[in-house]
Amino acid sequence: MRIGILGGGQLAQMMAQSGAGLGMEFMFLCPDALACAAPYGQHICAPFQDEKASWQLARWAEVVTYEFENVPLDLVSSLEKQVELHPSSGALSVARDRLLEKSRFRELDIPTAEFMPVEGLEELRQAVEIVGLPAILKTRTQGYDGKGQAVIRKIEDIAAAWAQVGGVPCIVESVVRFSRELSIIAVRGRSGEVAFYPLSENYHREGILRLSLSCLNDPLQFQAQRLIQRLLEDMQYVGVLALELFQVGEKLYANEMAPRVHNSGHWTIEGAATSQFENHLRAICGMPLGETGASAAAAMVNLVGRLPDEAAIREIPNATPHFYGKGERPGRKVGHITLIDGGEGARVFAHRVAHLLKLAGEDEGLAQVLNDKQSAQTS
Ligand SMILES: Nc1ncnc2c1ncn2[C@@H]1O[C@H](COP(=O)(O)OP(=O)(O)OP(=O)(O)O)[C@@H](O)[C@H]1O
Ligand SMILES: [Mg+2]
């Protein structure tokens, strides 16, 4: 199969790595001359708006997909008329716009934080009265890794928050006091077949995902599955879909969805029978889905800004480094490490995760959270 991908970052790279084993070939349309996926296929280095380039991709590929939701919607709609493309432009149009997304959640009875659309400063003031404080202002489109967001703690913060997001159409939502931040990753094939991965528990710092832990046999697994299943069926979705969730008490609230493979699912490469990347490819190509089960717990530590010494990672049993081949820059995801529980017990596993966090340059705070969690589990 010949697969065309819009984007050439690490998600495209990992799709191509897993697709090689299925005999697939890849072509990436990506404006970045240093696209890290490029060594894994052909690279058309051109702007997304370049019609000749997208035509070239559509002519070569048997199936087209994308690695992030900030690709131009027009491009996806126009490619969809020329070639098999998944997830559809319909799914993308909802997932890329926080207002349409949260409204769809509401229509499908998927709980969310209180939210209001906002197009001006006055409207923001009124909306804050309704959603309450603290609140978060988020641009409707183009946000990622916490970009395009401003926290409003008190009334006096409102004007600065509006200026900070650049005065573009937004939503403002109440801050959810969650006990855990989770995500569920599901995959739906062209025949309608659906599979779910075990939940991931996610830790962010400065709006960027730092750590994911797989949650095997979690009591909220089926609640999460029911929520994402509604989305999959509603959109007649094909491919991998991720749904980010907040846990409050025993109830889940949806934060946002991503119509693509997701950072919190990177542990599935080593930790699940079939990775999210392979299952995305299987789904969009109309192949039967692979097993999503996991036999041992896994952790994934993101490498943000800089790479640690690879040899130091290799010294930790059952840890696998993934370096994306991207230049180091503050706040940039340049790699990740997966750790699989080798059965030595929760204490050893937690200790190794803490070690990896240290190598990744994380502060003690995150390791402490894990320690407390582990003590709570064993006490
Ligand atoms: N309403 C909220 N209440 C509490 N925390 C929130 C809320 N919205 C966002 N956050 C925190 O900020 C993080 C980033 O927000 P969100 O997922 O909406 O933005 P994003 O830029 O798309 O992030 P990413 O690209 O990492 O998914 C969330 O994972 C969560 O930790
Ligand atoms: Mg998010």
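Residues numbered from 1 in each chain as written. Chains lettered and ligands numbered in written order. Predicted model: local features only at pLDDT ≥ 70, side-chain atom pairs only at ≥ 80, totals over all residues. Heavy atoms only, no water.

Asks: Hey, could you go over the overall build of the chain for me, with residue numbers and the actual values?
Replies: Tallying secondary structure elements over the chain gives 13 helices and 18 strands in all. Rg of the C-alpha trace for the chain: 20 Å, near the compact-globule value of 21 Å for 379 residues, within the 12% margin. Across its three principal axes, the chain shows a C-alpha extent of roughly 55 × 55 × 40 Å. In the chain, buried positions account for 56% of the 379 residues. Here the contacts in the chain between residues at least 6 apart in sequence split such that 61% fall between residues at least 24 apart. Surface summary for the chain: the accessible area is close to 15900 Å², and the carbon and sulfur share equals 50%. (Helix = DSSP H or I, 4+ residues; strand = E, 2+ residues; numbered from the N terminus. Rg over C-alpha atoms; globule rule 2.2 N^0.38 Å. Buried < 20%, exposed > 50% of the residue type's maximum accessible area, 1.4 Å probe, protein only. Contact = heavy atoms within 4.5 Å. Areas by Shrake-Rupley, 256 points an atom, 1.4 Å probe, with all protein chains shown as cover.)

Asks: Which residues make up the packing of aromatic side chains, and what values go with them?
Replies: Counted under the stated rule, the structure contains 3 aromatic pairs. Ring geometry for Phe48 against Phe68: centres 6.3 Å apart, planes inclined by 50°, an arrangement best described as tilted. In this pair, Phe48 is assigned in the loop between β3 (42-44) and α2 (51-60) and Phe68 in the loop between β4 (63-66) and α3 (73-80), connecting sequence segments 20 residues apart. With 4.8 Å between their ring centres and 5° between their planes, Phe178 and Phe246 make a pair best called stacked. (Phe/Tyr/Trp six-rings, centres within 6.5 Å; stacked < 30°, edge-to-face > 60°.)

Asks: Got a sec to walk through the site of ligand 1? Specific residues and values, please.
Replies: The local shell around ligand 1 holds 20 residues, among which Lys138, Gly146, Gln149, Glu181 and Glu256 are the closest. One of the side-chain N or O atoms of Gln149 is found 2.8 Å from an oxygen atom in ligand 1. A distance of 3.2 Å separates an oxygen atom of ligand 1 from a polar atom in the side chain of His204. Relative to its unbound accessible surface of 600 Å², ligand 1 loses 90% to contact with the protein. Taken together, the elements giving at least two residues each to the shell around ligand 1 come down to β7 (135-139), β9 (170-174), β14 (239-248) and β15 (251-258). Tallied by class, the residues present in the shell around ligand 1 amount to 6 nonpolar, 6 polar and 8 charged. Among the domains, domain 2 (114-174) and domain 3 (180-378) are the pair contributing at least three residues each to the shell around ligand 1. (Near = heavy atom within 4 Å. Polar contact = N/O pair within 3.5 Å; in protein donor to acceptor, adjacent residues only side chain to side chain. Nonpolar A, V, L, I, M, F, W, Y, C, P; charged D, E, K, R; others polar. Domains from an automatic or database assignment.)

Asks: Outline the coordination of the magnesium ion (ligand 2), supporting the account with residue identities and numerical values.
Replies: Those donors, Glu244 (OE), Glu244 (OE) and Glu256 (OE), are the protein atoms that reach the magnesium ion (ligand 2), and they lie 1.9 to 2.7 Å from it. With Glu244 in strand β14 and Glu256 in strand β15, this residue pair connects regions lying 12 residues apart in the sequence. The same class applies to Glu244 and to Glu256, which are both buried. (Donors = N, O, S within 2.8 Å, 3.2 Å for Na, K, Ca; no water.)

Asks: Quick one: what's the story with the domain arrangement of the chain, residue by residue and with numbers?
Replies: Splitting the chain by domain gives domain 1 (2-85), domain 2 (114-174) and domain 3 (180-378). Between domain 2 and domain 3, the contact holds 4 residues from the first and 5 residues from the second. Taking both partners together, domain 2 and domain 3 bury about 300 Å²; carbon and sulfur atoms supply 28% of that area. The tally of links between domain 2 and domain 3 comes to 0 salt bridges. Inspection of the region where domain 2 meets domain 3 yields 1 residue pair in polar contact (both at pLDDT 80 or more). (Buried area = accessible area lost by both parts, 1.4 Å probe. Salt bridge = Lys/Arg side-chain N within 4 Å of Asp/Glu carboxyl O.)

Asks: Would you mind going over the pattern of salt bridges in detail, with residue names and values included?
Replies: Tallied over the full model, the rule gives 21 salt bridges. Its salt-bridge partner being Arg125, residue Glu122 comes within 3.3 Å of it at the nearest N-O pair. Pair noted here: Glu122 and Arg125 are both in helix α6 (residues 121-131), with a separation of 3 residues, about one helical turn. The salt bridge partner of Arg205 is Glu206, with a shortest N-O separation of 3.4 Å. Given a relative accessible area of 64%, Glu206 falls into the exposed group. Salt bridges sharing partners connect three or more residues here, namely Arg205, Glu206, Arg210 and Glu362.

Asks: Can you tell me about the side chain of His322, naming the residues and giving the values?
Replies: Mapping His322 onto the fold places it in strand β17 (residues 319-323). For His322, a relative accessible area of 14% puts it in the buried group. A polar side-chain atom of His322 sits 2.6 Å from a polar atom in the side chain of Glu270. Beyond its immediate sequence surroundings of up to four residues, His322 is in contact with Ile269, Glu270, Gly335, His336 and Thr338.

Asks: Describe in detail the pairing of β15, supporting the description with residues and values.
Replies: Along β15, 6 of the 8 residues are buried, which leaves the element largely enclosed by surrounding structure. Where β14 lies against β15, 7 bridges are found, and the strand directions are antiparallel. Within β15, the residue paired with Phe246 across the bridge is Tyr253. As consecutive antiparallel partners, β14 and β15 are separated by 2 residues, and within that stretch Gly249 has a phi angle of approximately 60°, a positive value. (Pairing = 2+ DSSP bridges.)

Asks: Talk me through helix α5 (residues 98-107); I want residue IDs and the actual numbers.
Replies: Among the residues of α5, those classed as buried are Arg98, Leu99, Glu101, Lys102 and Phe105. The buried residues of α5 all sit within an arc of 165° when viewed along its axis, so they share a single face. Among the residues trailing α5, Asp109 stands out with phi positive, at a value near 60°. (Arc of directions from axis to C-beta.)

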